[in-house]
Each structure stands twice: as structure tokens, then as C-alpha cells.
Amino acid sequence: MDGTPEETEQNWCDFCRLPCPQDPVLSKYDSDTYEFCSETCRDEMAENDRVFTEYHGFRQVATGVSGLDDHLPQGLPRNSFVLVSGEGGTRNSAIQAELVWRTLGRDESAVILSFTEPPVSVVEQFLSLEWNVLPYLEAGQLHIIDCFTYRVNDRKRMFARMDDWNQFLHRITSSATTTVRDPSDTSELQNKLDNCLESLSMSDSGVVVIDSLTEFGTLVQPVQAYDFVKDVRADVCKGRFVPVFAGATFAGDEAVFPHDMAYVMDDLIDLQLNGSVIEDVLVKRIRIRKMNGVLTIPEWVAYEYTGGDGLVSFDPLEELEKSEEMLGTRSESPPDDGRPAADESSKIDAPE
């Protein structure tokens, strides 16, 4: 004996693929002997024609947003309700658009509950970022639940005022839009959402985006608002394993809806405008404050949005140094007035 503890072979359940913490339950099928962690797994194997090839758990997925995925090495659990809370000017809507766009790129469906914009404006948000969602609207892969145009008394007049381009967007968007008659009726809202998810067969696939819980909170009583969030989390996230990203505008008071629901939210993502990194400059920063069930790197990252690429993270101090070096190089160079520089050979002697 060399003092090294003898290694014991780990037994794995032949049905669920989890380790057996106790002596395995044995069962013979034909000439083979199988090991199970429990009698339930043994019975399930006897009644099913297939077994699990690996332990899946709550499946994780990459969001496709670089500023988030770089700090989520294990991915985002699909059963998550995520509050994306930001100050005005942090481009919360652009982050939500990218979450939808990356989901569509994985050939999954997406649903947007829009409280602050009509469907045409929602589509324009994607197009301004150079993301053409028109084919996904036509195919029914992207669906908009319209909780905004109830405010417009004469909708026909609103559409008639649109220019030719927006009327075209309205026509292609209308078939992929469900209009909520009264968004303050949370029963109608939840029914429309459930019907939409059912029609798209969204289970363990896709994403739901709520553009503004802050706006929703102005339409209903506080108790109704809290119950709506809890019901959506239960029905969509925990029942269908479809992640929900809900936006919220932070005005500095954490004791108001929806910021006071941090205890309910599975995940919290903070957006801020920071003026202390570079003097006289507001730098957009993003941080994952909380993410249940997976490894998280909770550090602030500076970001900006560019067409086509989406969220791009960067080091503001490094970019400032590069800018100063570039300005220094330019200041050392003679001004360029567009004329060729004179040399000795080009000089003409003045007449005596």
C-alpha cells in the first residue's frame, strides 16, 4: 500500500445517466444486466423504447450577444426570466432586438410584446441595425403582440398617414401581429401570449421579449403587475422552458415595480451610463448581476451598438489612448493644403 486511496469505479444509471449514489438497482433484460439509480428509472426503462444518452438538466443556450456570452461560460438556462434594467440612453431596445435576431438566426421563433411602439416601429428598429426580419415575419417565425395601438382612436387614419414604405411594412407585419384590445386586462394579455406560443410550437425553443415592464406597470394596479410577471415566469419559463427577457427603465428608485421584484427574477442584467471612466463622456456599460444555476462573471463591460454587428464591447481607456496617439501623430505632421511640398530643386531664383 502506498497510502493512495483506492479509486472506486463510478456507476451510472442506464436510464437517466446520473451517477448512482448508492448500490445500483439491477435488472436483467435478455442476457444483459443493467444498473439503475432507482426503481423508478428501472420501471421507466421497461415502459419506454428509449433512454437518455446524457444528463440534460435545464438546457443552456448562448444568447448570441457578445457582451453577455463572454460572461456566461455555461450559457443561459432556458427556463429563465431575465430583467434587463437600464437607464435612459443605454439602448435597451437595441439589446432586445439583438436577442431576437440571434434567436431567429438559430432557426428558432421569437415573440415580442410591445407596449411602447407600434409594430411598424418595432420592425424599423431591426432594419436600422441592418437586420432584415421581413422573411421571418412572412414565415411566421417572428410574431409581435401589439399592446400599443389601442391608444390610437382612428387606426385607419394612422395607417393612411404613413408613407409608401411604412405602409408596405404595415402590410407585411400585419399577418404576424396579434393586437391586444385592452393591455390592462392581464387575462387577455396572457391568453394572447399563450395562444401565440402554442401556434408557434414554442417549447424548449425560442425567446419572448417584453419591451417595457415599466410601461406595463403604468397600465395596471401593482398587485396585477406582480401577478402577471409571476404567471408569465411560471407558464412560459418554467412550463415551456422558453426564456423571457423583460426590459425596464431605471429612474433611481429600486423600491418600485419592476425593480422591487429582484427576488422573483431568475436573472438580472444591469445597463448604465457611467461618467467616471472618462471625463465628460458617458460610457454605456453592461453587467450580469445575477444568473441562477450557472457560472457568471459579474463585471462591467463598456459597449456600443453598430449596424450589422450589434453590441460591441471595448476598453474605453484603451480606445482613448489610441485616439490621443492618433491626434498626436497628426499634430506633428505639417498641414496639408493640397499643394505639393516645395524642395530645393523646385525653387526659382528671383531676377536680379
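Residues numbered from 1 in each chain as written. Predicted model: local features only at pLDDT ≥ 70, side-chain atom pairs only at ≥ 80, totals over all residues. Heavy atoms only, no water.

*Asks:* Please explain the pattern of salt bridges as it appears in this structure.
*Replies:* Opposite charge on two side chains makes pairing possible when the charged atoms of those side chains draw close. Evaluated as defined, the whole model comprises 15 salt bridges. Aspartate 204 is the partner of arginine 59 in a salt bridge, and the nearest nitrogen-oxygen pair spans 3.3 Å. Of the two residues, arginine 59 is situated in the loop between α1 (39-47) and β3 (60-61) and aspartate 204 in the loop between α8 (186-199) and β9 (207-210); the sequence distance between them amounts to 145 residues. A salt bridge links aspartate 270 to arginine 287, with the shortest nitrogen-to-oxygen separation between them at 2.7 Å. Placement of the pair is aspartate 270 in strand β11 (residues 267-278) and arginine 287 in strand β12 (residues 281-291), with a sequence separation of 17 residues. Connected via shared salt-bridge partners are Arg78, Arg106 and Glu108. (Salt bridge = Lys/Arg side-chain N within 4 Å of Asp/Glu carboxyl O. Helix = DSSP H or I, 4+ residues; strand = E, 2+ residues; numbered from the N terminus.)

*Asks:* I keep staring at the state of the cysteines and nothing clicks. Help me out?
*Replies:* Here is the idea: a disulfide is a covalent bond, and it sits between the sulfur atoms of two cysteines. Under the criterion given, the structure shown has zero disulfides. Lacking any disulfide linkage, cysteine 16 is separated from the closest cysteine sulfur, that of cysteine 13, by 3.7 Å. (Disulfide = S-S within 2.5 Å.)

*Asks:* What exactly am I supposed to notice about the pairing of β12 here?
*Replies:* Working note: regular strand, side chains alternate between the two faces of the sheet. As defined by bridge partners, β11 adjoins β12 across nine bridges and the pair is classed as antiparallel. Counted as the bridge partner of aspartate 267 is methionine 291 from β12. (Pairing = 2+ DSSP bridges.)

*Asks:* What should I look at first to understand the environment of aspartate 146 in this one?
*Replies:* Residue placement: aspartate 146 occurs in strand β7 (residues 142-146). The exposure class of aspartate 146 is buried, given its relative accessible area of 3%. As a C-alpha pair, aspartate 146 and leucine 113 span 33 residues in sequence and 6.4 Å in three-dimensional space. Here aspartate 146 is in contact with Ser114, Pro119, Thr177, Thr178, Thr179 and Val180, once residues within four sequence places are set aside. A distance of 2.4 Å separates polar atoms of two side chains, one belonging to aspartate 146 and the other to threonine 149. (Buried < 20%, exposed > 50% of the residue type's maximum accessible area, 1.4 Å probe, protein only. Contact = heavy atoms within 4.5 Å. Polar contact = N/O pair within 3.5 Å; in protein donor to acceptor, adjacent residues only side chain to side chain.)

*Asks:* Even after reading the chapter, I still don't get a negative patch on the surface, so can you show me in this structure?
*Replies:* Among the surface-exposed residues, Asp315, Glu319, Glu321 and Glu325 lie close enough to one another that they form a single negatively charged patch. With respect to the element layout, glutamate 325 can be found in helix α11 (residues 316-332). (Patch = residues over 30% accessible without salt bridge, like charges linked within 9 Å, V, L, I, M, F, W, Y side chains within 5 Å. Areas by Shrake-Rupley, 256 points an atom, 1.4 Å probe, with all protein chains shown as cover. Lys, Arg positive; Asp, Glu negative; His and termini not counted. Charge placed at Lys NZ, Arg CZ, Asp CG, Glu CD.)

*Asks:* Would you mind showing me how to read unusual backbone geometry here?
*Replies:* Most peptide bonds are trans, and most residues other than glycine sit at a negative phi. A cis amide bond, omega 0°, links phenylalanine 257 with the succeeding residue proline 258. With respect to the secondary-structure elements, proline 258 resides in the loop between β10 (244-249) and β11. The backbone of arginine 91 sits at a positive phi, close to 65°, despite the residue not being glycine. Relative to the helices and strands, arginine 91 resides in the loop between β5 (81-86) and α3 (92-105). Judged by its relative accessible area of 32%, arginine 91 falls in the partly exposed class. Residues other than glycine seldom take positive phi values, yet glutamate 130 does so here, at roughly 65°. Assignment of secondary structure puts glutamate 130 in the loop between α4 (119-128) and α5 (134-139).

*Asks:* Explain the packing of α8 against helix α10 (residues 222-240) to me, please; I cannot follow it from the model alone.
*Replies:* To characterise two packed helices, one gives the angle between the axes of the helices and the distance between these axes. It is at 11 Å that the axes of α8 and α10 come closest, and there the two elements cross at 15°. Comparing the axis directions of α8 and α10 gives the class roughly parallel. Considering the relative orientation of α8 and α10, their crossing is right-handed. Across the interface between the two elements, Thr186, Leu189, Gln190, Leu193, Asp194, Leu197 and Glu198 of α8 pack against Gln224, Phe228, Asp231, Val232, Asp235, Val236 and Arg240 of α10. Residues of the contact of α8 with α10, tallied by class, amount to six nonpolar, three polar and five charged. (Axes fitted to C-alpha atoms, helices over the stretch in contact; angles between N-to-C directions. Parallel < 35°, antiparallel > 145°, perpendicular 65-115°, else oblique. Left-handed = near helix turned anticlockwise from the far one by under 90°. Nonpolar A, V, L, I, M, F, W, Y, C, P; charged D, E, K, R; others polar.)

*Asks:* I'm lost on the sheet that holds β10 in this one. Help?
*Replies:* For sheets, the rule is that strands pair by backbone hydrogen bonds, running either parallel or antiparallel. Strand order in this open sheet of 10 strands is β8-β7-β6-β9-β10-β5-β11-β12-β13-β14, and the pairing throughout is mixed. Each of the sheet's edge strands pairs with one partner strand only, and the pair in question is β8 (177-179) and β14 (310-314). Averaged over all neighbouring strand pairs, the angle between strand axes comes to 25°, with direction disregarded. Looking at chain direction, β5 and β11 are connected through five bridges and run parallel. Residue pairing across strands places glycine 86 opposite leucine 271, the latter belonging to β11.

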